[in-house]
Amino acid sequence: KQEVTQIPAALSVPEGENLVLNCSFTDSAIYNLQWFRQDPGKGLTSLLLIQSSQREQTSGRLNASLDKSSGRSTLYIAASQPGDSATYLCAVRPDSNYQLIWGAGTKLIIKP
Amino acid sequence: EAGVAQSPRYKIIEKRQSVAFWCNPISGHATLYWYQQILGQGPKLLIQFQNNGVVDDSQLPKDRFSAERLKGVDSTLKIQPAKLEDSAVYLCASGGAGRSTGELFFGEGSRLTVL
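One structure accompanies this document, and this report is about it. Numbers given to residues run from 1 along each chain, matching the order in which its sequence is written. Each chain takes a letter, starting from A, and each ligand takes a number, starting from 1, following the order in which they are written. Local features in a predicted model are, by the rule used here, given only for residues with pLDDT of at least 70; side-chain atom pairs are given and counted only at 80 or more, and totals for whole chains, interfaces and linings are based on all residues. With hydrogens and water excluded, all non-hydrogen atoms of the structure serve as input to the side-chain values.

## Let's talk about the overall build of chain A
The cut-off we apply is this: Going along the chain from the N terminus, every DSSP run of H or I of four or more residues is numbered as a helix, and every run of E of two or more is numbered as a strand. As defined in this context, the radius of gyration uses C-alpha atoms, and a globule is described by 2.2 Å times the residue total to the power 0.38. For every residue, the accessible area obtained with a 1.4 Å probe (protein chains only) is divided by the maximum for its type, and the residue is called buried under 20%, exposed over 50%, and partly exposed between those limits. Working rule for contacts: check all heavy atoms of both residues, and any pair within 4.5 Å makes them a contact. Shrake-Rupley sampling with a 1.4 Å probe provides the accessible areas, and residues are treated as covered by the protein chains on show and by no other component.
Broken down by element type, chain A carries zero helices and 11 strands. Listing each helix as α and each strand as β along chain A from the N terminus yields β-β-β-β-β-β-β-β-β-β-β. Relative to its length of 112 residues, chain A is compact, with a C-alpha radius of gyration of 13 Å against a globular reference of 13 Å. Principal axes of the C-alpha set define a box for chain A whose edges measure 40 × 25 × 20 Å. With 112 residues in all, chain A has 46% of them scored as buried. Restricting to contacts in chain A with at least 6 residues of sequence separation, those with at least 24 account for 55%. With an accessible surface of roughly 5,200 Å², chain A has 49% of that area assigned to carbon and sulfur atoms.

Okay, structure coming up:
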């Protein structure tokens, strides 16, 4: 049974730092992995989607990597800003027709 | 391109009352999902539709929750009667089907408070 873990549950860093958020999954047989951002009281915004055949995806200051053999994905945020403060969730899709398996998220606080 | 639309954004009801949430997915998206998200947790899938058919409703509390997507476009989720533990954000998401990338797009959510 696929399980997704995000550690730490919360992270606070000074503005300007580069940082890495972690996502671990137990079964390497996945269809894709998606990173989302959630602001308080809001819905989820899709950040990056990595297909099973890909190693990384980039969008602006964000870079997501995927290592299926080790069951890990990382979300790298460069030059962090206070506006990056949010909860970041990763979700794994085991199969094209299967529901997403979610991590509990990492709450990120960027201090000015 | 318009995103996923949900309404209402907020709803406060007393226990044993009923409530309905509406979702309009991104145009052309065949797959529609309803999730329940309790504070501090990841989303929990309630029901998944493909067009107007149910793909997965295994975690939907069918004694009190119901959902429909009659014309394969917009969808409603109903709770009757509501319990205190139903207080949560109800998220609607849509995605392509078949050879799509499998990417999901979410609405702003409907926050339910049951008193």
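## As for the overall build of chain B
In terms of helices and strands, chain B carries zero helices and 11 strands. Order of helices (α) and strands (β) in chain B, N terminus to C terminus: β-β-β-β-β-β-β-β-β-β-β. By the compact-globule yardstick of 13 Å for 115 residues, chain B fits well, its C-alpha radius of gyration being 13 Å. By principal-axis analysis of the C-alpha atoms, chain B measures approximately 45 × 25 × 25 Å. Considering only intrachain contacts with a sequence separation of at least 6, the fraction spanning at least 24 residues in chain B is 53%. When the accessible surface of chain B is summed, it comes to about 5,800 Å², and 49% of that surface belongs to carbon and sulfur atoms.

## A closer look at the pairing of strand S8 (residues 75–79) of chain B
Residues and elements named next belong to chain B. This is how the line gets drawn: Here the rule is simple: two strands pair whenever DSSP picks up at least two bridges between them.
A one-sided burial pattern is seen for S8, the buried positions being Ser-75, Leu-77 and Ile-79 and the unburied ones Thr-76 and Lys-78. With five bridges connecting them, strand S3 (residues 19–24) and S8 associate as antiparallel partners. Counterpart to Val-19 in the pairing with S8 is Ile-79. With four bridges connecting them, strand S7 (residues 65–68) and S8 associate as antiparallel partners. In the strand pairing of S8, Glu-68 is matched with Thr-76.

## A few points about the nonpolar core
Convention followed: Nine residue types can take part in a nonpolar core, namely buried Ala, Val, Leu, Ile, Met, Phe, Trp, Tyr and Cys, and a core is a set of them joined through side-chain atoms within 4.5 Å.
Within the largest apolar cluster, 24 residues are counted, with the highest numbers of intra-cluster contacts made by Leu33(A), Trp35(A), Leu75(A), Ile77(A) and Tyr88(A). Broken down by secondary-structure element, the contributors of at least two residues to this core are strand S3 (19–25), strand S4 (32–38), strand S5 (44–51), strand S7 (62–67), strand S8 (72–77), strand S9 (86–93) and strand S11 (106–111) of chain A. Of all hydrophobic cores here, the second largest spans 21 residues; its members include Ile13(B), Ala82(B), Tyr90(B) and Val114(B).

## A look at the pattern of salt bridges
Using the following cut-off: Only one rule defines a salt bridge in this text: a Lys or Arg side-chain nitrogen within 4 Å of an Asp or Glu carboxyl oxygen.
Using the criterion set out here, one finds four salt bridges over all chains in the structure. Among the ionic pairs, Asp84(A) bridges to Arg61(A), the shortest N-O distance being 2.8 Å. Residue Asp84(A) is located in the loop between S8 and S9, and its partner Arg61(A) is located in the loop between strand S6 (56–59) and S7; the two are separated by 23 residues in the primary sequence. Given the relative accessible area of 7%, Asp84(A) is considered buried. Salt-bridge contacts for Arg64(B) lead to Asp86(B); the nearest nitrogen and oxygen are separated by 2.5 Å. In this pair, Arg64(B) sits in the loop between strand S6 (53–56) and S7 while Asp86(B) sits in the loop between S8 and strand S9 (88–95), placing the two residues 22 residues apart along the sequence.

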